[in-house]
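One-letter residues, chain by chain:
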Amino acid sequence: MKRFFISALALLGMDTMANAHFSVVNDGKVIFVLAEGTPDYITFENVLPCVGVIGEAVDMGLSVKWSSVNIGASSPEQSGDYIAWGETEAKEYYDWSTYKYMQSGKSKWNYINKYQANDHQLDSSWYMDVKYYQGDKKTTLEAKDDVATQSWGSEWRIPTAAEWEELYNNTTQTWTYDYEGTGVNGYILTSTKEGHEGASIFLPAAGRRDGRGLYSEGNDGYYWSSSLNEENSSYGRDLEFEEYNSTRDASIRCYGQSVRPVCPSAE
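## Concerning the nonpolar core
Reasoning step 1: Ranked by size, the top nonpolar core spans 30 residues in total, and within it Trp85, Tyr99 and Val259 carry the most contacts.
Reasoning step 2: Counting only elements with at least two residues in this core, the list comes to α2 (147-152) and β14 (221-228).
Reasoning step 3: Among the elements that take part in this core, α2 stands out by supplying 3 residues, more than any other.
Reasoning step 4: Discounting residues that sit within four places of it in the chain, Trp85 has contacts with Tyr99, Tyr101, Tyr115, Leu141, Trp224, Ser225, Ser226, Ser227, Leu228, Gly236, Arg253 and Tyr255.
Reasoning step 5: With 19 residues, the next largest nonpolar core counts Leu62, Trp164, Leu203 and Ala205 among its residues.

So, in structure tokens, the structure goes:
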């Protein structure tokens, strides 16, 4: 939900305000006209697609636009927040005992109580009598469990594993030790799509959190997708990279990792 304060009204006299017309324009299109009155603010829901809290939506010529910043960051080189897969807030301690989707009183992966694929992990709680699957079959994060949606609004979400694959297959990846003079290491992904050459985003090598520790900051990047690893429900799929290597892989769901939101490409 976006709230816009009409501060320009204060610059006009009361008589002028009574008859004034104010237009809200997005990408050259008039989407709202205030004909009269003097409200303190106007609230829009699902009106301004791809307007993030911070940063911008970068059009790489793909099926979605990519945010220029991580969740919790205020500029591209900042690491931002570390989020466990399916959780919506950062925290101090990351392991199964603090993971949101666990059976009460349990602290092992096989007692996950949401997002359970038919993965043949027979010693898990989503199989009965070690052979009958009884899981929820949920393999993609719901909006209420998506930190991007909950933080920035309904137009934004965590990318799927397929969208990470699309991004990687349609960009060049360049490692840098000093992104735009900030001294931050990471990957610059630059579009190779016709008409969008030169559009790019930067992914800082933010490392990840396990327990109370922060590991591999400056050396590795770990970015969640919204897709469950259907071969083992205790893992979420992600993008992982270092200077000389990158993979579309999977990580243990209770780890704290980076989130780079996406929004619809068509407005």
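## Digging into the pattern of salt bridges
Reasoning step 1: This model, assessed by the stated rule, comprises 8 salt bridges.
Reasoning step 2: Ionic pairing is found between Lys114 and Asp145, a salt bridge with its closest N-O pair at 2.8 Å. A residue pair is termed long-range when its members are at least 10 positions apart, and Lys114 in the loop between β6 (64-67) and β7 (127-128) and Asp145 in the loop between β8 (132-133) and α2 qualify at 31 residues. The same class applies to Lys114 as to Asp145, namely buried.

## Observations regarding the sheet that holds strand β11 (residues 200-204)
Adjacent strands of a sheet pair through backbone hydrogen bonds, lying either parallel or antiparallel.
Reasoning step 1: Here 3 strands make up an open sheet; going across it, the order is β9-β10-β11 and the pairing antiparallel. Each having just a single partner strand, β9 (171-176) and β11 make up the two edges of the open sheet. The mean angle between the axes of side-by-side strands here comes to 20 degrees, regardless of whether they run parallel or antiparallel.
Reasoning step 2: In the sheet, strand β10 (residues 186-191) pairs with β11 via 5 bridges, with the strands oriented antiparallel.

The rules behind these values
- Residues numbered from 1 in each chain as written.
- Predicted model: local features only at pLDDT ≥ 70, side-chain atom pairs only at ≥ 80, totals over all residues.
- Heavy atoms only, no water.
- Core = buried A, V, L, I, M, F, W, Y, C linked by side-chain atoms within 4.5 Å.
- Buried < 20%, exposed > 50% of the residue type's maximum accessible area, 1.4 Å probe, protein only.
- Helix = DSSP H or I, 4+ residues; strand = E, 2+ residues; numbered from the N terminus.
- Contact = heavy atoms within 4.5 Å.
- Salt bridge = Lys/Arg side-chain N within 4 Å of Asp/Glu carboxyl O.
- Pairing = 2+ DSSP bridges.
- Axes fitted to C-alpha atoms, helices over the stretch in contact; angles between N-to-C directions.

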